[in-house]
Each structure stands twice: as structure tokens, then as C-alpha cells.
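# Notes for the structure review
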Amino acid sequence: MRILLAGATGTLGKAVHEALRARGHEIVTASRKGSDISVDITEPESIRAMYEKAGRVDAVANAAGWVPWKPLTELGPDDVLAGLRGKAFSQVELVRQGAASAAEDASFTLVTGVLSRDPVLTGSMASLANGAIEAFVRAAAIELPHRQRINVVSPTVFTESMPAYGEIFVGFQPVPVAAAARAYVRSIEGRQTGRVYVVE
Ligand SMILES: NC(=O)c1ccc[n+]([C@@H]2O[C@H](COP(=O)([O-])OP(=O)(O)OC[C@H]3O[C@@H](n4cnc5c(N)ncnc54)[C@H](OP(=O)(O)O)[C@@H]3O)[C@@H](O)[C@H]2O)c1
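Cut-offs and rules
The numbers attached to residues start from 1 for each chain and follow its sequence in the written order. Per-residue local features of the predicted model are confined to residues with pLDDT of at least 70, and side-chain atom pairs are confined, for both listing and counting, to 80 or more; whole-chain, interface and lining totals are unaffected and use all residues. Side-chain numbers come from the whole structure's heavy atoms, not from hydrogens or water. Neighbouring residues are identified by heavy atoms, a residue being near a molecule or strand if any of them is within 4 Å of it. We define a polar contact as two N or O atoms separated by no more than 3.5 Å, with the added condition that, inside protein, one atom must be a possible hydrogen donor and the other a possible acceptor, whereas residues neighbouring each other in sequence contribute only through side-chain atom pairs. Residue burial considers only the protein chains on display, and all accessible areas are found by Shrake-Rupley using a 1.4 Å probe. Lining residues are those with an atom within 4 Å of a point, where the points come from a 1 Å grid over the protein atoms alone and group into cavities, where a 1.4 Å probe fits but cannot get out, or pockets, open sets with protein on both sides within 12 Å along at least five of seven lines. Whether a molecule sits in a cavity or pocket is decided by its atoms, more than half of which must lie within 2 Å of the grid points. Only the stretch in contact is used when fitting a helix axis, every axis being a line fitted to C-alpha atoms; angles between N-to-C directions are given from 0 to 180 degrees. For helices the rule is a DSSP run of H or I covering at least 4 residues; for strands it is a run of E covering at least 2, with both sets numbered from the N terminus onward. For this classification, under 35 degrees means roughly parallel, over 145 means roughly antiparallel, 65 to 115 means roughly perpendicular, and everything else is oblique. The sense of a crossing depends on the near helix, which, turned anticlockwise from the far helix by less than a right angle, makes the crossing left-handed and, turned clockwise, makes it right-handed. In this analysis, two residues are considered to be in contact whenever any of their non-hydrogen atoms come within 4.5 Å of each other. Whether two strands pair depends on DSSP finding at least two bridges between them. Among buried residues, the Ala, Val, Leu, Ile, Met, Phe, Trp, Tyr and Cys ones that are joined through side-chain atoms within 4.5 Å form a nonpolar core. For every residue, the accessible area obtained with a 1.4 Å probe (protein chains only) is divided by the maximum for its type, and the residue is called buried under 20%, exposed over 50%, and partly exposed between those limits.

## Comments concerning the site of the ligand
Taken together, 25 residues lie around the ligand, and Thr9, Leu12, Arg32, Lys87 and Phe158 are the ones closest in. In this structure, Asp40 approaches the ligand through a side-chain N or O atom, which is 2.9 Å from a nitrogen atom. Phe158 places a polar main-chain atom, nitrogen or oxygen, 2.9 Å from an oxygen atom of the ligand. Protein contacts shield 80% of the accessible area of the ligand, which totals 880 Å² for the unbound molecule. Judged by its atoms lying within 2 Å of the grid points, the ligand is housed in the largest pocket.

## A few points about the packing of helix H1 (residues 11-22) against helix H6 (residues 177-189)
Between H1 and H6, whose axes approach to 8 Å, the crossing angle comes to 55°. In terms of orientation, H1 and H6 fall into the oblique class. The element H1 and its partner H6 pack so that their crossing is right-handed. Listed contacts from H6 to Thr11, Leu12, Ala15, Val16, Ala19 and Leu20 of H1 are Val177, Ala180, Ala181, Tyr184, Val185 and Ile188.

## What about the sheet that holds strand E4 (residues 59-62)?
Taken in spatial order, the seven strands line up as E3-E2-E1-E4-E5-E6-E7 in an open sheet, and their pairing is parallel. The strands lining the two open edges of the sheet, one partner per strand, are strand E3 (37-38) and strand E7 (195-199). Bridge count between strand E1 (residues 2-6) and E4: four bridges; the pairing is parallel. The residue bridging Leu5 from the neighbouring strand is Ala61, located in E4.

## Some remarks on the nonpolar core
The biggest cluster of nonpolar side chains holds 42 residues, and the ones touching the most others in it are Leu4, Met50, Tyr51, Phe108 and Ile150. Contributing elements (two or more residues each) for this core: E1, strand E2 (26-31), helix H2 (44-54), helix H3 (77-101), strand E5 (107-111), helix H4 (124-141) and strand E6 (149-155). For this core, the element with the highest residue contribution is H4, accounting for seven residues. Tyr51 has contacts with Leu4, Val60, Leu94, Gln97, Gly98, Ser101 and Phe108, leaving out every residue within four places of it along the chain. Residues Ile27, Ala59, Ala180 and Ile188 belong to the second largest nonpolar core, which totals 26 residues.

Below, the structure is given as C-alpha cells:
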């Protein structure tokens, strides 16, 4: 398959790239810097240009997303909008635009995380965006045209990210990022739709 992978240069994206390449797929990478296609997924016009450059793809996988991490009482309205834009609006836009240009049986695989079901301090924007995307995936699965499919990978914290996030996720059992990458393979090569693949 020809697969467009957004966020390909990150911790998760590199592992997904490796897992998909090992399965023999052709990967077109995208991110703001250092990929085949330069894209900012928070900007609809940038997404439009990305799909135009990528041409027909059989699958779209996203491993990019950003939210502010702040105590609830310190969040301002701009933080809330930035969190929604960085991880929810951006992924909805990838699907909304991609549905028109991807193959008739294309799949979309998005990313959320454990905080939709198990919150931590300072993580309310991540919880908000993750919950929104998991609900969106269930809804989009019954509305996507043709035989297109959509799933989301919802991992707990990665072992590889514990040096950065260990204090926030204290007491959590991390998983190797390769386990989350395998869920992308399952979503892309399988036939399921509307699924939240919990990896923990
Ligand atoms: N790390 C974890 O333990 C963990 C666990 C569960 C879920 N997640 C979720 O997995 C996703 C990826 O996490 P990660 O740790 O792999 O992040 P990361 O290492 O910071 O990588 C992020 C990737 O996305 C790209 N990116 C960021 N903002 C972008 C934008 N606006 N437009 C296009 N590309 C953008 C980055 O490249 P550029 O900066 O060049 O654009 C990079 O390729 C996030 O949604 C995160 O919440 C992570």
C-alpha cells in the first residue's frame, strides 16, 4: 500500500514508519520539518497542499499532535483552543479532506492516548482532545464514503518517553512504542472500522 504518514519524525511516527516499512508498504512522510512533504496539520490550507502533493494514497496515518500541559486553573481560552486545534481539529481535518482524495477503500488511523480514560494532573487538554477524537472516530466510521475505514490508536505512555513524561505519568506502566506501531499495522491492514485500539 501507499501510505501517507503525518508526524513521521517523532517518537511514535518513527516506530510506525519502521513497522509499516517492514510490512513492505511505500511510505510518504509528512511533518513540519524533515519529511517528504512539509505540512502543518493545524492549518487546513497546509493539509490541502499535502494531499495534492501526496497524490492517491491507500491509507492515511497520523502520529502528530500537540496540547498544552497546564493546571486547569491556569488554562486560558487560548490554551483551550490551541489544545483542540493541535490534536482534535487537526485530525478531523486530515479525515475530512482526505476522504475526498484518498482511495475508495482507504483507511484513516488517528492517535489519542490513555488520558481519555485515565486522567493525570495538568492533562485536561489532552483528555479533552483524546475524548473528542475517539467519539469522532466512532461517528465517522458510519459516515465515511465508499468502503473507507477509520480507527484510532490510544496508547499509554511509551517507555521511550518516560525520561520526558515520567513525572506526569508516575505510577503508570509504560509500553514500548513498537506496541503502538503494531496497532497502526492492524488498523491499516485489517478490515475493522470505528475501533479504538487501546495499547497498555
Ligand atoms: N509519547 C508518548 O508517550 C505518547 C503516548 C500516548 C500518546 N501519544 C500521542 O502520540 C502523538 C505523538 O507523540 P510523540 O511523543 O511521538 O510526539 P513527538 O516525538 O513530539 O513527535 C511529533 C511528530 O509530529 C510532528 N508534528 C508536530 N506538530 C505538527 C504539526 N502541527 N503539523 C505536522 N506535524 C507536526 C513532529 O514533527 P515537526 O515538529 O517537524 O512537525 C513529529 O514528527 C501525540 O498526539 C501524543 O499525544 C504519545
